[in-house]
Amino acid sequence: MHRNWRLSLPLVAGLLASVEPASAQQIPSPYRYVDERQSVAVFGGYAITDEGRLELGPESGPAGGVRYSLRISGPFTAEASATYFPTTRAVWDTTTVDAALTRIGEADLGLALVDASLRFNITGPRTYYGLMPYVVAGGGAAIAISDEDDVETAAELPADARFDFGTRFAGHVGAGIEWFATRRLALRADARDVFWKLPTPPAFLRQNLDVPEEEWVQNFVLTLGAAYHF
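Anyway, here's the lowdown on the structure attached to this text. (Residues numbered from 1 in each chain as written. Predicted model: local features only at pLDDT ≥ 70, side-chain atom pairs only at ≥ 80, totals over all residues. Heavy atoms only, no water.)

Quick look at the overall build of the protein
Working step 1: Secondary structure summary: the protein contains 3 helices and 10 strands in total.
Working step 2: Along the protein, from the amino end to the carboxyl end, the secondary structure elements read α-β-β-β-β-β-β-β-α-β-β-α-β.
Working step 3: Within the protein, contacts between residues at least 6 apart in sequence are counted, and of these 68% link residues at least 24 apart.
Working step 4: Accessible area of the protein: about 13,000 Å², with a carbon and sulfur share of 62%. (Helix = DSSP H or I, 4+ residues; strand = E, 2+ residues; numbered from the N terminus. Contact = heavy atoms within 4.5 Å. Areas by Shrake-Rupley, 256 points an atom, 1.4 Å probe, with all protein chains shown as cover.)

Okay, structure coming up:
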């Protein structure tokens, strides 16, 4: 009996030596935590505008800008952006208002949109298979930084019959998604509903027409961009 046990010891030792240690099982997670709290981005796209009931507002056109983001905590991120929107607006003969306006030309209009937003990342401070979807809301100002009035001057339209965009409050709601191509570099698609008020020239109001003093309009801004996280 003892002799058999002694003979089996080398066999058992050989079997144990031939067995490789079992490697720990690892289940890869589709989630990856984003350690970086800040990012800067550039973007470009197209603004689809509502020119208003009187068709005096800015027309649709390309837009582009820059954005800075800072994660506050958990899924919440604060953002600030500046967008330049070079566009045009129709010029109408607003001195002879009857059943219909007469279009007499077109004027260049350059708008700057500056805003602050609160962004909610649906997956929290992490990506899901490299994707980070989000919703966003905020507000700021739409500022006319250039507005050519050559057509209105040539037509000798009085000042109170001219459309003046000026500086308007601009709010927005939207949604988008970031795709992290690398740990720090992400591509971003964004869609926003941007709303502001269009003023009505005083000449319209004096003629007792059924027009509002100001009119809320919705404008859809679609952009693609690249962001660097740090």
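The discussion continues.
What to know about the nonpolar core
Working step 1: Core analysis: the biggest nonpolar cluster contains 21 residues, and Leu-111, Leu-113, Phe-165 and Trp-196 have the highest contact counts within it.
Working step 2: For this core, the secondary structure elements donating two or more residues are strand 4 (76-93), strand 5 (102-121), strand 9 (185-199) and strand 10 (214-229).
Working step 3: When sequence neighbours within four positions are dropped, the list of residues in contact with Leu-111 reads Pro-58, Thr-83, Tyr-84, Phe-85, Ile-143, Ala-144, Phe-165 and Trp-196. (Core = buried A, V, L, I, M, F, W, Y, C linked by side-chain atoms within 4.5 Å. Buried < 20%, exposed > 50% of the residue type's maximum accessible area, 1.4 Å probe, protein only.)

Points about the pattern of salt bridges
Working step 1: What the rule picks out here adds up to 15 salt bridges.
Working step 2: Salt-bridge contacts for Arg-192 lead to Glu-79; the nearest nitrogen and oxygen are separated by 3.6 Å. Linking Arg-192 in strand 9 with Glu-79 in strand 4, this pair joins segments that are 113 residues apart in sequence. In this structure, Arg-192 and Glu-79 share a single accessibility class: buried.
Working step 3: Glu-152 is the partner of Arg-89 in a salt bridge, and the nearest nitrogen-oxygen pair spans 3.0 Å. One end of the pair, Arg-89, is in strand 4; the other, Glu-152, is in helix 2 (residues 150-154), with 63 residues separating them in the sequence. For the pair shown, Arg-89 and Glu-152 are each scored as buried.
Working step 4: Several salt bridges converge on common partners, so that one network encompasses Arg-67, Glu-79, Arg-119, Glu-178, Arg-188, Asp-190 and Arg-192. (Salt bridge = Lys/Arg side-chain N within 4 Å of Asp/Glu carboxyl O.)

Quick look at the side chain of Thr-77
Working step 1: With respect to the element layout, Thr-77 can be found in strand 4.
Working step 2: According to the relative accessible area criterion, Thr-77 is buried, its value standing at 6%.
Working step 3: Polar contacts involving the side chain of Thr-77 include one to the side chain of Asn-121, which spans 3.3 Å.
Working step 4: Aside from chain neighbours lying at most four places away, what touches Thr-77 is Ser-69, Leu-70, Arg-71, Ile-72, Ser-117, Leu-118, Arg-119 and Asn-121. (Polar contact = N/O pair within 3.5 Å; in protein donor to acceptor, adjacent residues only side chain to side chain.)

Topic: the side chain of Glu-79
Working step 1: For Glu-79, a relative accessible area of 4% corresponds to the buried category.
Working step 2: One polar contact links Glu-79 to Arg-188, side chain to side chain, over a distance of 3.0 Å.

With respect to the pairing of strand 2 (residues 38-48)
Regular strands have side chains that alternate between both faces of the sheet.
Working step 1: Relative to strand 3 (residues 61-73), strand 2 is paired through 10 bridges, and the arrangement is antiparallel. Counted as the bridge partner of Tyr-46 is Pro-62 from strand 3.
Working step 2: Taken together, the 10 bridges between strand 2 and strand 10 define a ladder with antiparallel strand orientation. Among the inter-strand pairings, Val-40 is bridged to a residue of strand 10, identified as Tyr-228. (Pairing = 2+ DSSP bridges.)

Thoughts on the packing of aromatic side chains
Working step 1: Evaluation of the coordinates by the stated rule reveals 6 aromatic pairs.
Working step 2: Plain terms: the ring middles of Tyr-228 and Phe-230 are 6.3 Å apart, the flat faces sit at 20° to each other, and that makes the pair stacked.
Working step 3: The exposure class of Tyr-228 is partly exposed, given its relative accessible area of 42%.
Working step 4: Since its relative accessible area comes to 37%, Phe-230 is described here as partly exposed.
Working step 5: A connected cluster of aromatic rings, assembled from ring pairs, spans Tyr-31, Tyr-128 and Tyr-129.
Working step 6: If you follow Arg-67 out to its NZ or CZ, it ends over the ring of Phe-43, 4.4 Å from the centre.
Working step 7: The lysine or arginine in question, Arg-119, covers the ring of Tyr-134, its NZ or CZ lying 4.1 Å from the ring centre. (Phe/Tyr/Trp six-rings, centres within 6.5 Å; stacked < 30°, edge-to-face > 60°. Lys NZ or Arg CZ within 6 Å of the ring centre and 35° of its normal.)

These results come straight from atomic positions and should not be treated as a statement about function.
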